[in-house]
Structure formats: C-alpha cells, structure tokens
2 protein chains.
Amino acid sequence: MTHDHPPESITLKDIAKATGVSRTTVSNAFNRPDQLSPELRHKILSIAQQMGYLAPNPMGRMLRTGRTGAIGLVFHDSLSYAFADPTAIAFLQGVAKICETAQASLLIVPVLEDRSVQQTVQQAAVDGFIVYCLPNQSDAFTQVLKRQLPVVVVDQPTVKGFPSVAIDDRHAAYTAATHLLKLNHQRLAIISLEFQDTVPSGRVDRQRIQTASFPITQQRWQGYMDAICEAGLDPEAVLIEECAGNSEESAFQATLRILSHTPRPTGILAMSDRLALGALRAARQLGLSIPADLSIVGFDDIPLAAQVQPRLTTVHQPLIEKGTIAAELLLKNVPAHSSRVLPTELMIRESSGVAPTRD
Amino acid sequence: MTHDHPPESITLKDIAKATGVSRTTVSNAFNRPDQLSPELRHKILSIAQQMGYLAPNPMGRMLRTGRTGAIGLVFHDSLSYAFADPTAIAFLQGVAKICETAQASLLIVPVLEDRSVQQTVQQAAVDGFIVYCLPNQSDAFTQVLKRQLPVVVVDQPTVKGFPSVAIDDRHAAYTAATHLLKLNHQRLAIISLEFQDTVPSGRVDRQRIQTASFPITQQRWQGYMDAICEAGLDPEAVLIEECAGNSEESAFQATLRILSHTPRPTGILAMSDRLALGALRAARQLGLSIPADLSIVGFDDIPLAAQVQPRLTTVHQPLIEKGTIAAELLLKNVPAHSSRVLPTELMIRESSGVAPTRD
DNA sequence: CTGTTAGCGCATTCAA
DNA sequence: TTGAATGCGCTAACAG
C-alpha cells in the first residue's frame, strides 16, 4: 500500500480517491470544517495523515486564492547592514509584532540595486509591500510599484499616492538645533546621513543637498538650517560632513576632521544616534569633555542612547510604532490619505550643555 | 485602449494574443532569452510593458516549478521578542547576508504555539526552513517537519536527522565556570535561561533540569556543573535562578534574590549576556563593586558586552557565523552529517576578578 | 452536507 | 526557432 512517488506528489485528489469522496470535500475538511460532518471530516483527516498528507500545498492554494498570507519588506541597505542598524531593527520589531497578531508572515526581500533586483521583488509571493527608506527613484522602488500591490511607504515623505508613515523630520531637527542654540552655541557642525545614493565624498555642496534622493536627510538638514537662520547665524559657517551608511566609524572620522577646525565647533548635530556615538568616541579620543567642551545631539533615540555615558541628548522618534503602524496600514489596505505623521520629542540628557565661554 | 480588467488579470496568454505568438514564446522571452531572436524578444517585452504586464505571476510560476526562492525562518519566541534579542538579531544578520548573495528572500514565520501554528508554517511558500532554538517537541517544530522540506536546525543539538549548527555549550559553560573557580570563587550562583517551555517559577529542581526542553540551557548548566564538581565544590550549594525569556529585568530580580543570601555568592554565572547585564544592574543597585565584591560571567558576547562598564567577561560564540552557516547549509541542501559545531572562546574582561577574601 | 465543473498563471514536454 | 497541449494543486461556484 506504499507509494513510489515522492511525498510531495500526494495531493488532494489522491486522498479524495482513497477516502472515496470528492476533492472538494477533502478541501473542505481542511479549510471549512463547518461544511461537512465531524465524523467524515475526522475520517478524511486521519486517512490523509496515514498517507502522509498534511496540508494543502501552499502554492496551489496561493495560485487559486490569490492570497499569500505574507507581507513583503524592502530595505534600502544591504540586508546584513539593515540588521545591524538599531533603527531598522526597532522598526522590524514593530512590523513583526503586527504580523504576529495577524498571523501573517514577513518576507524580507533583498535588493542589490543591480539588474537582479527584478528577480527578488518580482518573485516575492506577498500580498503587499512595506518599503523602508528607499531612495526616491531607486530601482527597487520601481520594481515594487510594478507589482501593483498595496504598498506602504516609510520615511519617504515625498512619495505621493501611497499611505505612508513618517515623522516631521524637519521640525524634529529644528528642535534639536534650537536646543543647542539656546545653550549659546555659536559654532555648530552637522554630521549628516547620506544625501545621495552615491557614496559621499565627505564634502557636501548645495547641489547635492537640493537634489537629495533621501528626503529624510534633506529634511533634517533643512530643520537644522531653519533654526540656524532663525538664530541669525551664518548658515555657510556651519561645517557639514556626510557619512557613509549611518556608520559609527564614518562619523568618528568625520568628527575628527570637524574638530580639527579652528575655531573648533562647540556643538555637533548628528542626524542619527549612531553617528552621534561615533562623534562621542572621536571627542573622547581628542580628550574633550562632554558637554563641557562639546555638546552633541543625536537623532532617533535608539535604546543605546540612554545607556552610554554621557547619556545622549537626542530626538526621540517612535521607531517601533513606525513598524506597527506601517504593518497595520498595509494589512488594512487603507487609502493613501491615511498616511500618518508620528510625534517626536527632544530628549535632553547629558551630552549637551551650555556652550563653553569664548576664549 | 485602456482595459477594464483589473491589472492582475493580464496574463501571459493575453500578451501572447496581443503579440501574435504563443504563450511559450512569451514565457521564453521572460525566462529564456536564448530561446528566441533578440528582435522578437524585444518586441514581446515592449508590448508586454505597454499592456502593463511586467513579469510572470510568481504564484503561477511557483506552482509550476515547485520552487519559491525563499527560505523560511522559525523562531521560538514571539517575533517581536526575537527582534529585541541581540543574539537572534546577530543570527539573523548572518542569515540575511547569505540570502542576499544567493538572491533568496527570507520568510520569517510567526508561530504562536497555539493551534494556529499550523496556519503560518503550513502556508509558508519556502524551499526550506531554518529552525532557531525551538524547544524539542514543540508544535512549531512538528509542523515544520510535516512540510517535508529541507530543514537546518540551530541550537538544538539533540535533534537528529537534520543538519545543524551549534556550539559546544557544555564545554563553553565549563570554561566560564572554570574561570571563576580559578579565581578562588567558592560561592557561585547561576542565572539561568529557561529549562522548560513553561513559565519558570524561579526555583529549579532536578526534575526540571533533567527533562529540559531547551537543550542549550541544559548543556550550559551541565558545563557549569562539570567545573564545579571538578573543583570539589558541592553542587547543591550553588544557587540557581531561572529567568523568563532571557530578559534583563528577570535577571535583575533574580540577582537581587541571589544576593540577599548569606553568605553572599561571590561569582555569578549568567547563561546569556542579557542576563548578565541584568545581574550587573542589580549588583550596582546594591552598591556592590564589580569585580571586587562580585564577579559576573556572561555568555554570547553580544556587542554590548564590550561596551558596558565594566566590560563583561563572557563566552564568545560566533553568532553571525551561525546564521551564515545555517543559511549555507540550507541552500546547499546538505545531508544531516554535515552539521557544524562552531568554536567558542572565553573573553576575559573586567567584570570578573579574584574572589574577595573571606570575611 | 456533498460532488461536478472549471479554471487560477505558468513552464515544460514534444512535435513541427 | 516556434507552438499546441498538458497539468502543477488547489478552491469557488453552483447544483444536487
């Protein structure tokens, strides 16, 4: 009574034949218990089990129903990088939480920004995509759009036509800069995230900023500038260094360069906490005491921000909530006008203080 | 020239009709460029694009080919919890790295340990599963097995018949305990991970240990005991507290209880760095200085371990590599005997020192 | 409560 | 090089 076929060849039909009922009835036994008598159902299920048939083949089902039970997630960065970024992790945590309660799986789709992007995004068996912080007009984003599926966009405020979740980066950055300005800082420097998808050279010119493909970088920069201009300082006098890939190491190097200027800046605005941590390390290496000699303000409020010494003054943004809301929007398949802007809050801790008196 | 049909209804057949060729040829245009003339291919592709057809439907393809291009990942814990655990994150990072180079997607499958487990694991459209630290005989694991797909097992040394990747937990724990014993510690306590899938009560009896459903907990405990017995100490005198879900808070509470004993233990063996960090915090709250009053040894060597003050003495295990190797084993579809045991290394830092002299 | 019919969209024979 | 035929495994109508 054993079959020669490999196990995967056992199908609904086989067990229908063995049970003496129709395929429909077997299908119902698995998917619609109320559609047949408990006894029959039990009999079918037990025969199925004997035959090593455990559940309807997911691909057959997906093709038939058009639903996959999974949502896709596309990151800008290389995946291994994304999983090393506390910001992305926290976001993921939020997404995962909703997936879990909704019993949806989460398909993380790698994109290489080569030709091959097509492969993975096109082949993804998902009911919709969450797109996290992709640069505008990236190949990956184009591919996602082509899938004609529901999309929720995160941290790309300039993309229209899709529900999105974001924060007011400009305003948040404004509050960070204002904080330092109120503490009498006159010489500020900015440690920036990437403006463009191309590898940064360090130097940032106006052109690069205006045509930024990462809106959040642009917005945060703008927020800093709003505050700086409002305070009557010369925007041109503000040093700015663009760091590659939100890396602490890159920020470390950038900060060393910044702090070698004379007169030395007294306040650093970092566009992320990781960058701020890099700056912190650089300052420490130069023997500067914080905040006495140098104030540093971060962005994101990752968990580590409150654990380092000195604890980091930073802009809190609800990272996990970003994830939960994005997932909820996607699962509910809401219209574009349901976009959400989440609140931020300046967390004043010990890495910022009154500017040193001019020497 | 617009269509009334929803976009998803455009199919290979439609564009075949529009182009005046057969379905096969269209399929070839997408999947086998060498099977038709460049001109024809180009023509087909451009007509397809005009019609809003962008790529073959992934579900149809999957059903036909039997391949999905995705690998599944099943965690023990709730997903949102897994994404909060540095150990799991690092593992994920490794898996993601390989997925990326192999252009495979990563499907993270939530399991609730209810009935509903079935749903997600059964419906997962994947070519194989990586199973991370599931308790033996868990529902989730059973469901995975039922899928009859390639499986790679991580941190479950007792599961036979599948390729696995793990470390020698027993030996690693042995080195950790030996380290303290050599520093003259006589009164040790263990802050333990969960032995059983059921919520721990704090107290741990022999029964609970022997029948542990988490082999790594059992193995680490055994390793500690090996060293303790070897040193001639009384195993029964070693305090042990079992913490819920590798949480720092739980370890914090457990440590407070442990340190209230008289005579107070001088060395704590924590089965994870997170637990060790909780212990550290508890010790600090009690005003103990480390390592003068109390030595703490962790396990895992998560990034934070080397960043806290004092830096944590701990057992390094190659977390990221666990992920890369697991993914590689799965993608290569290797036989069970290809299992890998990765090396560990005791990292001696500042949280451990010579035992205080007896008072 | 049960069975019949009819595709879902595709890739693969095989024959032309 | 191209095309016709076939079925991957399943579920949704509808009819009994």
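Predicted model, so just to flag it, every value in this text is computed and none were measured. (Residues numbered from 1 in each chain as written. Chains lettered and ligands numbered in written order. Predicted model: local features only at pLDDT ≥ 70, side-chain atom pairs only at ≥ 80, totals over all residues. Heavy atoms only, no water.)

A. Spotlight on the sheet that holds strand 11 (residues 340–342) of chain B. With respect to topology, twelve strands assemble into an open sheet ordered 11(A)-5(A)-4(A)-3(A)-1(A)-2(A)-2(B)-1(B)-3(B)-4(B)-5(B)-11(B), the strand pairing being mixed. Of all strands in the sheet, those with a lone pairing partner are strand 11 (340–342) of chain A together with strand 11 of chain B, marking the two edges. Adjacent strand axes in the sheet meet at a mean angle of 20 degrees, parallel and antiparallel pairs treated alike. Direction of pairing for strand 1 (residues 70–75) of chain A relative to strand 3 (residues 129–132) of chain A: parallel, over a ladder of four bridges. In the strand pairing of strand 3 of chain A, V74 of chain A is matched with V131 of chain A. (Pairing = 2+ DSSP bridges. Helix = DSSP H or I, 4+ residues; strand = E, 2+ residues; numbered from the N terminus. Axes fitted to C-alpha atoms, helices over the stretch in contact; angles between N-to-C directions.)

B. Representation of the domain arrangement of chain A within the structure. Segmenting chain A into domains produces domain 1 (7–56), domain 2 (70–167) and domain 3 (169–317 + 342–347). On a C-alpha basis, the centres of domain 1 of chain A and domain 2 of chain A stand 37 Å from each other. (Domains from an automatic or database assignment.)

C. View of the protein's contact with DNA strand C. The local shell around DNA strand C holds 28 residues, among which T24 of chain A together with R32, Y53, N57 and R64 of chain B are the closest. In this structure, T25 of chain A approaches DNA strand C through a side-chain N or O atom, which is 2.7 Å from a phosphate oxygen. S37 of chain A is positioned such that a nitrogen or oxygen atom in its backbone is 3.4 Å from a phosphate oxygen of DNA strand C. Elements with a minimum of two residues in the surface near DNA strand C: helix 2 (23–31) and helix 4 (58–65) of chain A together with helix 2 (23–31) and helix 4 (58–65) of chain B. Its residues assigned to classes, the surface near DNA strand C shows seven nonpolar, 13 polar and eight charged. (Near = heavy atom within 4 Å. Polar contact = N/O pair within 3.5 Å; in protein donor to acceptor, adjacent residues only side chain to side chain. Nonpolar A, V, L, I, M, F, W, Y, C, P; charged D, E, K, R; others polar.)

D. Structural view of the environment of A279 of chain A. Residues and elements named next belong to chain A. Its location among the elements puts A279 in helix 13 (residues 273–285). With a relative accessible area of 0%, A279 lands in the buried category. A C-alpha to C-alpha distance of 28 Å links A279 and N136, two positions 143 residues apart in sequence. Beyond its immediate stretch of four places on either side in the chain, A279 contacts A251, T255, I268 and I296. (Buried < 20%, exposed > 50% of the residue type's maximum accessible area, 1.4 Å probe, protein only. Contact = heavy atoms within 4.5 Å.)

E. How the structure looks around the protein's contact with DNA strand D. Near DNA strand D you find 27 residues, and of these L12, R32, Y53, N57 and R64 of chain A are the closest. When the atoms of DNA strand D within 4 Å of the protein are sorted by group, sugar and phosphate make up 63%. In the model, a phosphate oxygen of DNA strand D is placed 2.6 Å from a nitrogen or oxygen of the R32 of chain A side chain. Within the residue set of the surface near DNA strand D, elements represented by two or more residues are helix 2 and helix 4 of chain A together with helix 2 and helix 4 of chain B. In the surface near DNA strand D, the residues fall into seven nonpolar, 13 polar and seven charged.

F. Structural context of the relation of the copies chain B and chain A. When chain B is brought onto chain A, the operation consists of a screw motion whose angular component is 180 degrees and whose axial shift is 0.1 Å, with 0.1 Å RMSD remaining. The symmetry that links the two subunits is that of a two-fold axis. Using C-alpha coordinates, one finds that chain B approaches the rotation axis most closely at L107 of chain B, a distance of 2.1 Å. Here 100% of the contact residues of chain B are again contact residues in chain A; the copies associate through an equivalent surface. (Least-squares fit on C-alpha atoms with pLDDT ≥ 70 in both.)

G. Layout of the side chain of Q93 of chain A. Structurally, the position occupied by Q93 of chain A is in helix 6 (residues 86–102). With relative accessibility at 18%, the residue Q93 of chain A sits in the buried group.

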